[in-house]
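Reading the structure
Letter by letter, the chains look like this.
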Amino acid sequence: MINLLNTIPSTQAAIRKEIGNGKTIGFVPTMGALHEGHLVLIRRAVAENDFVVVSIFVNPIQFNNPDDLAKYPRTLETDLKMLESTGCHLVFAPSAEEMYPEPDRSEFDFGKLDKVMEGKFRPGHFNGVAIVVKKLFEIVSPHKAYFGEKDFQQLAIIKNMVSQLNLPVHIVPCPIVREPDGLAMSSRNTRLSPKERSEALIIFKALSGISENYSWFIPDGVKQLVRGEIQESPLFRVEYVDVVDTETLQPFEDWNDVEHAVVCVAAFIGSVRLIDNIKLF
Ligand code: PAF
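Residues numbered from 1 in each chain as written. Predicted model: local features only at pLDDT ≥ 70, side-chain atom pairs only at ≥ 80, totals over all residues. Heavy atoms only, no water.

**Topic: the pattern of salt bridges**
A full pass over the atoms with the stated rule returns 16 salt bridges. A salt bridge links R122 to E118, with the shortest nitrogen-to-oxygen separation between them at 3.6 Å. Here R122 and E118 have matching classes, each one buried. With a closest N to O distance of 3.0 Å, D181 and R197 form a salt bridge. Separated by 16 residues along the polypeptide, D181 in the loop between β6 (170-174) and α9 (194-199) and R197 in helix α9 bring together distant segments of the chain. With relative accessibility at 34%, the residue D181 sits in the partly exposed group. One network of salt bridges, in which partners are shared, links E118, R122, E239 and R273. (Salt bridge = Lys/Arg side-chain N within 4 Å of Asp/Glu carboxyl O. Buried < 20%, exposed > 50% of the residue type's maximum accessible area, 1.4 Å probe, protein only. Helix = DSSP H or I, 4+ residues; strand = E, 2+ residues; numbered from the N terminus.)

**As for the sheet that holds strand β9 (residues 272-279)**
Spatial ordering of the open sheet is given by β7-β8-β9, a layout of three strands whose pairing is antiparallel. One side of each edge strand has no neighbouring strand; the edge strands of this open sheet are β7 (236-245) and β9. Averaged over all pairs of adjacent strands, the angle between their axes in this sheet comes to 15 degrees, without regard to strand direction. Two strands pair when backbone bridges link them, and β7 and strand β8 (residues 261-269) are joined in this way by nine bridges, in the antiparallel orientation. Bridging from a neighbouring strand, Y240 pairs with A266 of β8. Against the sheet, helix α11 (residues 219-231) makes contact with β7 and β8, and its axis sits at roughly 160 degrees relative to β7, the strand it touches most. (Pairing = 2+ DSSP bridges. Axes fitted to C-alpha atoms, helices over the stretch in contact; angles between N-to-C directions. Contact = heavy atoms within 4.5 Å.)

**Re the nonpolar core**
If you look at the biggest cluster of nonpolar residues, it comprises 46 residues, and the most contacted ones within it are M99, F137 and I171. It is helix α7 (residues 125-140) that provides the largest number of residues to this core, a total of ten residues. Sequence-distant contacts of I171, defined by excluding residues within four places in its chain, comprise F137, A145, F147, L155, I158, K159 and V162. (Core = buried A, V, L, I, M, F, W, Y, C linked by side-chain atoms within 4.5 Å.)

**Re the site of the ligand**
Lining the immediate surroundings of the ligand are P29, T30, M31, N59, Q62, V132, F147 and Q154. At a separation of 2.6 Å, an oxygen atom of the ligand approaches a polar side-chain atom of Q62. A distance of 2.7 Å is found between an oxygen atom of the ligand and a side-chain nitrogen or oxygen belonging to Q154. Here the ligand has 290 Å² of accessible area as a free molecule, and 89% of this is covered by the chains. Across the shell around the ligand, the residue classes tally to four nonpolar, four polar and no charged. (Near = heavy atom within 4 Å. Polar contact = N/O pair within 3.5 Å; in protein donor to acceptor, adjacent residues only side chain to side chain. Areas by Shrake-Rupley, 256 points an atom, 1.4 Å probe, with all protein chains shown as cover. Nonpolar A, V, L, I, M, F, W, Y, C, P; charged D, E, K, R; others polar.)

**Description of the sheet that holds strand β1 (residues 3-5)**
As summarised here, the arrangement of the six strands in space is β1-β4-β3-β2-β5-β6, forming an open sheet in which the pairing is parallel. The two strands at the open ends of the sheet, each matched to only one other strand, are β1 and β6. Across the sheet, the axes of successive neighbouring strands diverge by a mean angle of 25 degrees, strand direction being ignored. In this structure, strand β2 (residues 25-30) lies alongside strand β3 (residues 51-56), joined through six bridges in parallel fashion. Note that in β3 the partner of T30 across the bridge is I56. Along the sheet, helix α2 (residues 36-48) contacts β2, β3, β5 (144-148) and β6; its crossing angle with β5, the most-contacted strand, is approximately 155 degrees.

**Overview of α2**
In a regular helix each residue adds 1.5 Å, so 13 residues correspond to 18 Å; α2 covers 18 Å between its end C-alpha atoms and thus fits that length. Against the buried residues of α2 lie β2, β3, α4 (76-84), β5 and β6. (Expected span 1.5 Å × (residues − 1).)

**As for the side chain of T246**
Here T246 lies in the loop between β7 and β8. Not counting residues up to four positions away in its chain, the partners in contact with T246 are F152, H260, A261 and V262.

**Let's talk about the packing of helix α10 (residues 201-213) against α11**
Between α10 and α11, the shortest axis-to-axis distance is 9 Å and the interhelical angle comes to 150 degrees. By the angle class used here, α10 and α11 are roughly antiparallel. When the axes of α10 and α11 are compared, the crossing they make is right-handed. The segment α10 lies against α11, with I202, I203, K205, A206, L207 and I210 engaging V222, L225, V226, E229 and I230. Broken down by class, the residue content of the contact of α10 with α11 amounts to nine nonpolar, no polar and two charged. (Parallel < 35°, antiparallel > 145°, perpendicular 65-115°, else oblique. Left-handed = near helix turned anticlockwise from the far one by under 90°.)

Scope: geometric values only; no functional claims are made or implied.
Next comes the structure, spelled out in structure tokens:
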């Protein structure tokens, strides 16, 4: 039976008891509207830890677009039902007042990491993510925390924050979980109309296509090709396509300049913003 808690003290007390009994704590932070992608992370956490905590909190301070925040799906009842089969032990679902009794004005410095891609198009987003994840880590005290690679830049930011603050948590990156046709799973997919849902697949087609033959082109050529392919659909408005170093997230000119590269995309289809990425090497 999953324990659902809404307050910080009750959550800390429950987890402290488990830690006192020598249990290892796995943690999967989410904003709810759970889908199979989340469940994969949670099942992995259950397999690798004694006690698993899932947080469900739509963090207002990471939304730079009030409309996106208002439309973000909130499905706590269904989420709890889905969690029952995963074996997770505790769900922490606080209110905004519980998390932010007063505004948190912390300012993180991520150097160049948050000046590109999502950070460039969503000012303040990663500062809001870092504030809430740090707070959640303080509440949950996890040994391991699980993050999906779909949010590739978020993962880099969180690793950087953990290293800057010397937080005693091991960050576990988890591969993107895709629908059978290839669309990256996302809570925002539920907002796609049937036509948008079928067109959305273009992103994955463009990315998987280029991952086969990127070496025929220079990195900038790869960007143009992927952008062009997605924009062939009139439903799409591409925000960015970037080819970057997987560590620094900075663009580069020659394949030999980096050890590992990833192509990252953000695009609107109608009013829904989708992101995806694929590692090239
Ligand atoms: O990836 C998400 O769902 C959110 O950004 C996170 C990590 C739960 C922080 O609100």
